[in-house]
Amino acid sequence: MTKIRQIYQLYLKKCLLYNLIFISILFFAHCFWGNMMYLVYPLLALVIVLDNLENGFSYIIFSIPFIFLNVNISEILFLVCCFAYIIKFYIIFFFKEKNKPNLYSLITLLAFFVYCILPTGEYNLNTLIRLFIFIAIFVALGMVTQKPETFRGQFNIKLICYSIMLSSIFSLTYHFSPYLQDYLIILSINGNMTRFMALFIQPNVLAMFCEVLLSFLTFFILTKNFNREDIFLFVVIAFIGLLTFSKTYIIILTLILAILAVYFLTQNFKKTASIIIPLLVLLMLTCLAFPKFVHSFSDRFIGSVSDCNSFKDFMNMLTTDRYDLWIEYSKYIFTHPLVLFFGRGLGAPVIGLQSPHNGYIAIIYELGIVGTCLFALSLYFIFRNYFLKTHKKPHWAIFVPILVLAMIFIAEDLIFFIFE
């Protein structure tokens, strides 16, 4: 019986590998022909439905770095594939395996969604988009926590790292592909250095993916659940993230490296120091060899410090003019008590010209203190159910991904971005 199970597992791994190669070829073709998406996503949905739950989720994860090749239609088609997987998952979970939903989670989720559709503000496209995002988040979290063995966390983190590497290579076809030349908007710094974005819609989006992936790879390292492959992926993803020239990314990467350095120095001081010192020397030599690259980085952070005449100027320089947005939204919230407590609704309009670019300010602006508490309570019961079910205590290293997400929320709205 054990031998039959091993043969079956080997068969599933081969199926996954061959299907991922096939999907990669289709996405490569998509870099040249936009209409390929009408072939890619139906075939993606087919392999998701026909393969087992574990492999189906891996196909979805692997495809994420490619879904921006046509911002509107590709994302919709990808969401249809995700929806097909969700239906399959819950049919198996509820009807085949006879599981029951958690009562506390259902009650808090129902209360949260009822609150979201209350007439506290406008109903518009933002409302629908936000509701769909919330549904997707809670469904995904519910699936991962209810059947964690299906989602192979470490395996899929590695898989999306390889997928980002592949999309970065595919993006080099920009020089030959009229389709990518029409689609990709290349951003530069002072006309010198190009901000790398792979096949994502914007360099900051790629930077955020790299930040999150590095935080999870760090988690594996700190829990001593890693090998050379994890180290290799950490180095490559860290390098790809550097090419985005994102300020937030540089800050988060520095923090992660500092955490790792302190950890390994406490574990084995001599060995760690013998590795860190040569790396620092190599970094200095690289800086001397590529002064243009260093100059572009310094301009990105401290190049305009001399032009700062006040704390406000300094903060706007540091946050790329986000500070003015934070002040504008904060003033509005605290001068409107009803907004502070109940929010302006998921259809809230922008104040001025842009979204606040701060997740904490955005959630209060849209949902108020009451809605924010309901949102947090819903997340709490989902994770509480997971830890009660698995009888696991979270490892202290989990604070790294949490801290990274908390820092990203300072500079980005993420799920609370207001589409104009």
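For clarity, every value in this text was computed on a predicted model and none was experimentally measured. (Residues numbered from 1 in each chain as written. Predicted model: local features only at pLDDT ≥ 70, side-chain atom pairs only at ≥ 80, totals over all residues. Heavy atoms only, no water.)

Draft legend 1. Spotlight on unusual backbone geometry. Positive phi values are uncommon outside glycine, yet lysine 98 reaches one of about 60°. Inspection of the secondary structure assignment puts lysine 98 in the loop between helix 4 (73-96) and helix 5 (103-116). Taking the relative accessible area as the measure of exposure, lysine 98 reaches 65% and is therefore exposed. Unusually for a residue other than glycine, phenylalanine 245 sits at a positive phi of about 55°. (Helix = DSSP H or I, 4+ residues; strand = E, 2+ residues; numbered from the N terminus. Buried < 20%, exposed > 50% of the residue type's maximum accessible area, 1.4 Å probe, protein only.)

Draft legend 2. Structural view of a nonpolar patch on the surface. On the surface, a nonpolar cluster with roughly 440 Å² of combined accessible area is contributed by Leu338, Phe341, Phe342, Ile369 and Val370. When residues in the nonpolar patch are grouped by element, the largest group, three residues, is from helix 16 (residues 337-342). Relative to the elements of secondary structure, phenylalanine 341 occurs in helix 16. (Patch = residues over 30% accessible without salt bridge, like charges linked within 9 Å, V, L, I, M, F, W, Y side chains within 5 Å. Areas by Shrake-Rupley, 256 points an atom, 1.4 Å probe, with all protein chains shown as cover. Salt bridge = Lys/Arg side-chain N within 4 Å of Asp/Glu carboxyl O.)

Draft legend 3. Looking closely at the side chain of glutamate 366. Position of glutamate 366 relative to the elements: it lies in helix 17 (residues 359-390). Owing to a relative accessible area of 1%, glutamate 366 belongs among the buried residues under this scheme. A polar contact of 2.9 Å, which involves the side chain of glutamate 366, links it to the side chain of arginine 130. Contacts of glutamate 366, omitting those with residues within four sequence positions, involve Arg130, Phe342, Gly343, Arg344, Gly345, Leu346, Ala348, Phe416 and Ile418. (Polar contact = N/O pair within 3.5 Å; in protein donor to acceptor, adjacent residues only side chain to side chain. Contact = heavy atoms within 4.5 Å.)

Draft legend 4. Summary view of helix 2 (residues 37-50). Over its 14 residues, helix 2 extends 20 Å from the first C-alpha to the last, a length consistent with the 20 Å expected when each residue adds 1.5 Å. Along helix 2, the positions that sit buried rather than exposed are Met37, Val40, Tyr41, Leu44, Ala45, Val47 and Ile48. Buried residues of helix 2 fall within an arc of 165° about the axis and therefore sit on the same side. (Expected span 1.5 Å × (residues − 1). Arc of directions from axis to C-beta.)

Draft legend 5. Structural detail: the nonpolar core. Counting residues in each nonpolar core, the largest one holds 83 residues, and the members touching the most others are Tyr41, Leu44 and Tyr85. Here this core gets twelve residues from one element, more than from any other, and that element is helix 9 (residues 203-222). When near neighbours in sequence (up to four residues on either side) are disregarded, tyrosine 85 contacts Ile48, Leu53, Gly56, Phe57, Ile60, Met143, Thr150 and Phe151. Listed in part, the 16 residues of the second largest apolar core include Tyr115, Phe375, Ile382 and Phe416. (Core = buried A, V, L, I, M, F, W, Y, C linked by side-chain atoms within 4.5 Å.)

Draft legend 6. Local environment of the packing of aromatic side chains. Under the definition given, this model contains 35 aromatic pairs. With a centroid separation of 6.2 Å and an interplanar angle of 45°, the aromatic rings of phenylalanine 57 and tyrosine 85 are classed as tilted. With phenylalanine 57 in helix 3 (residues 53-63) and tyrosine 85 in helix 4, this pair connects stretches of sequence that are 28 residues apart. Using a relative accessible area of 17% as the deciding quantity, one classes phenylalanine 57 as buried. When the centroid spacing of 5.2 Å and the interplanar angle of 65° are considered together, the rings of tyrosine 380 and phenylalanine 381 count as edge-to-face. Judged by relative accessible area, which is 15%, phenylalanine 381 ranks as buried. By the ring-pair criterion, three or more aromatic residues cluster together here, those being Phe27, Phe28, Phe32, Trp33, Tyr41, Phe62, Phe66 and Phe170. (Phe/Tyr/Trp six-rings, centres within 6.5 Å; stacked < 30°, edge-to-face > 60°.)

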